[in-house]
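Remarks on the overall topology
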Amino acid sequence: MTEITVPPGSWLRRLLQVSDEPLDTILAWAQASDGVTELAWPVPGQRQLLVTRPDLVEEILVRKHKRFRKDAFTRRLSNIIGDSLVTADEETWRRHRRLAQPAFHQRRVDAYARVMVEEAEACVAGLGDGERLNLHDLMMALTLRVVCRALFGAQVSETLDALGRAIEEYLRWFPGVLRTGKSPPDWIPTPANRRMRAAVRVFDGFLGRLIAERRAAPSDDLLSALIAAVDDDGATLSDPELRDLAATLMLAGHETTAVALAMAFHLLDTHPEARASLEAEVDALEAPLGLHSLAGLRFTTQVFKETMRLYPPVFGLGREVLEDTPLGEFSLRAGDQLWITQWTVHRDPRWYDDPLAFRPERWTPEMEAALPRFAYFPFGGGPRVCIGQRFAMMEGALLLAVLARAARFEMVHPEPPELLPSVTIRPVGGLPVTVHRRS
Ligand code: HEM
């Protein structure tokens, strides 16, 4: 067995280093290791390991997935999304996945194209030429509307704006695994923890009302289908279970796509050639856009993929080792916390030429076929792979197309934004832009 690399410096120095500059630090440590590196972790007797080699990622997510569960930090998200797909262990996860899966079959997802285009058009209709706004906030609001309408039939209202603000507050609070050294436990009534709890109450209120409305008057949406669903043993989902499943889909289904879209516009604004190619492609589409437009969105889809390579919204996956187990040439111990990082794998020169360059055209079918499995995994993999992958890819391409046809977003700060790793990577201060209307 090979020894696991330990980066130089004392335990405390490493803990502070990763807390202060999380993304740069893990990238440097990953590049100095051969696949597994020990991070500093403030729980005695427990290790936190960074896993950064595609074959090892596959071993964890696919071949040996039963020997792992979600890590302590992912489980901490249960204070907002309860016990469901993202956080739950095997039994509850299996049941919720079976019940939610039909909403993500291809035909159902195709039907969401109309909602995506309508919401994107409504979003751009409200933008004025020369207006200054925060693009990250705009994308968060747009993708929240899309997911709420597509999955829950919830029409846009002021409630949704209040909900958006509450989610924002929560995400600002979420300490994230890489900032371990700076986050007091949830139960200490710090001002930040109190704001987090208030945000969760807004979220609970919204979901409670939505579930009560659909119980009273079912409609043709996922929530009504989940209320009506009967399991093999005749059981139905209770209100708390429905709440957790709906909360999970809502949170997992909007801020990820919002970050990817916001970062795509940042990269386009700072790479004029790519922007010109994308604008030429989307301008050539016949209006109104819809599902049929996807075939004409080849470059746009490449832009979305390349954005998620450089800025994977979920920059790392957390797992806890359930039993002592070998991993490649390394040895894992029960209780080890693993951090499997897209952020480092996607920037590895062994898999990508000029890895820090934004080159959407690299995504040819030949390049994808030659890429090692799990050298690119923005949606995870194995049984816990993102349920919304198809939804997100379609949403990414359609929203980019509708928005880029109507407007150009000029970054107030064109340099790469500082990123805060929370549940996803978030640009600090959002992305202030000036809107230039194109149509
Ligand atoms: C660009 C957009 C998206 C990205 C990058 C993304 C990424 C991911 C990743 C990496 C995972 C795996 C987490 C793990 O293994 O620990 C995941 C899981 C999940 N995602 Fe997504 N996601 C996106 C969009 C969506 C959308 C649109 C939805 C729903 C509408 C969604 C719902 C979920 C759910 C429910 C899970 C948990 C699946 C399970 O464990 O069964 N995601 N996502």
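Refer to the structure printed above.
Because the structure is predicted, anything quoted here is derived from the model rather than measured. Numbering of residues begins from 1 in every chain and follows the order in which that chain's sequence is written. Note on the predicted model: pLDDT of at least 70 is required for a residue's local features to be given, and 80 or more for side-chain atom pairs to be given and counted; whole-chain, interface and lining totals, by contrast, use all residues. In computing side-chain values, all of the structure's heavy atoms are included and hydrogens and water are not.

1. Some words on the sheet that holds strand E4 (residues 132-134)
Read across the open sheet, the three strands follow the order E4-E12-E9; overall the sheet is antiparallel. Among the strands making up the open sheet, the edge pair consists of E4 and strand E9 (407-411). Strand-to-strand, the axes of this sheet are offset by a mean angle of 40°, without reference to chain direction. By the convention used here, strands pair only if DSSP detects at least 2 bridges between them. Secondary structure counts use DSSP, requiring at least four H or I residues in a row for a helix and at least two E residues in a row for a strand, with both numbered from the N terminus. Sheet analysis places E4 next to strand E12 (residues 432-437), joined by three bridges and oriented antiparallel. Its bridge partner being in E12, Leu133 is matched across the sheet by Val433. Running at roughly 90° to E9, helix H19 (residues 389-406) makes contact with E9 and E12 of the sheet. For helices, the axis comes from a line fit to the C-alpha atoms of the stretch in contact; other axes are also lines fit to C-alpha atoms, and the angle between any two N-to-C directions lies between 0 and 180 degrees. In this description, contact between two residues means that some pair of their heavy atoms is separated by no more than 4.5 Å.

2. Some thoughts on the sheet that holds strand E3 (residues 68-70)
The five strands are arranged E1-E2-E8-E5-E3 in an open sheet whose pairing can be described as mixed. In this open sheet, the two edge strands, each paired with only one partner strand, are strand E1 (36-39) and E3. Strand-to-strand twist across the sheet, computed as the mean angle between neighbouring axes with direction ignored, equals 35°. Here three bridges tie E3 to strand E5 (residues 317-321), and the two strands are oriented antiparallel to one another. Following the sheet pairing, Lys70 is matched in E5 by Arg319. Across the sheet, helix H3 (residues 54-63) lies against E1, strand E2 (48-51), E3, E5 and strand E8 (337-340), angled at about 120° from E8, the strand it touches most.

3. Here we look at the site of the ligand
What makes a residue near a molecule or strand is one non-hydrogen atom of that residue sitting within 4 Å of it. Neighbouring residues of the ligand: 29 residues in total, closest Trp93, Arg97, Arg319, Arg384 and Cys386. Here a nitrogen atom of the ligand sits 3.4 Å away from a polar atom, N or O, in the main chain of Ala252. Whenever two N or O atoms come within 3.5 Å, that pair is a polar contact, provided that in protein one can donate a hydrogen and the other can accept it, and provided that, for residues adjacent in sequence, both atoms are side-chain atoms. In the environment of the ligand, an oxygen atom lies 3.0 Å from a nitrogen or oxygen atom belonging to the side chain of Arg384. Where the shell around the ligand is concerned, the elements lending two or more residues are helix H6 (90-100), helix H9 (135-152), helix H13 (239-252), helix H14 (255-270), E5 and H19. All amino acids are sorted into three groups, where Ala, Val, Leu, Ile, Met, Phe, Trp, Tyr, Cys and Pro are nonpolar, Asp, Glu, Lys and Arg are charged, and the leftover types, Gly among them, are polar. Looking at the shell around the ligand residue by residue, the classes come out as 19 nonpolar, six polar and four charged.

4. A closer look at the side chain of Glu58
Along the chain, Glu58 falls in helix H3. Any residue under 20% of the maximum accessible area for its type is buried, any over 50% is exposed, and the rest in between are partly exposed; the area is computed with a 1.4 Å probe on protein chains only. Taking the relative accessible area as the measure of exposure, Glu58 reaches 19% and is therefore buried. Not counting the four nearest positions on each side in its chain, Glu58 is found in contact with Arg63, Arg373 and Phe374.

5. So, the pairing of E8
The two faces of E8 match: Gln337 and Trp339 on one face and Leu338 and Ile340 on the other face are all buried. The pairing of E2 with E8 spans four bridges and is parallel. Residue pairing in the sheet places Leu50 in a bridge with Trp339 of E8. As paired strands, E5 and E8 are joined by four bridges and run antiparallel to one another. Across the sheet, residue Gly318 finds its bridge partner in E8, namely Trp339.

6. Comments concerning the pattern of salt bridges
Side chains carrying opposite charge are able to pair once their charged atoms draw close together. We count a salt bridge whenever a side-chain nitrogen from Lys or Arg sits within 4 Å of a carboxyl oxygen from Asp or Glu. Summed over the entire model, instances satisfying the criterion amount to 32 salt bridges. Here Arg69 and Glu320 are joined by a salt bridge, their closest N and O atoms 3.5 Å apart. Placement of Arg69 in strand E3 and of Glu320 in strand E5 is noted, with a sequence separation of 251 residues between them. For Arg309, the salt bridge identified is with Glu306, shortest N-O distance 2.9 Å. You can see Arg309 and its partner Glu306 sitting in helix H16 (residues 298-310), three residues apart, about one turn around the helix. What makes Glu306 buried here is its relative accessible area of 0%. A cluster of three or more residues bridged by salt bridges with shared partners is formed by Asp34, Arg53, Asp55, Glu329, Asp348 and Arg350.

7. Overview of the environment of Ile188
Among the structural elements, Ile188 can be located in the loop between helix H10 (158-173) and helix H11 (191-216). Separated by 78 residues in the primary sequence, Ile188 and Asp110 place their C-alpha atoms 45 Å from one another.

8. Some words on a nonpolar patch on the surface
Taken together, the side chains of Trp11, Leu12 and Leu16 present a nonpolar region at the surface, about 290 Å² in accessible area. With respect to the helices and strands, Leu12 occurs in helix H1 (residues 11-20). Of the residues examined, Leu12 reaches a relative accessible area of 48% and is grouped as partly exposed. Each patch is built from salt-bridge-free residues with over 30% relative accessible area, joining like charges within 9 Å and nonpolar side chains (Val, Leu, Ile, Met, Phe, Trp, Tyr) within 5 Å. Note that accessible areas follow from Shrake-Rupley with a 1.4 Å probe, and for residues the cover is restricted to the protein chains shown.

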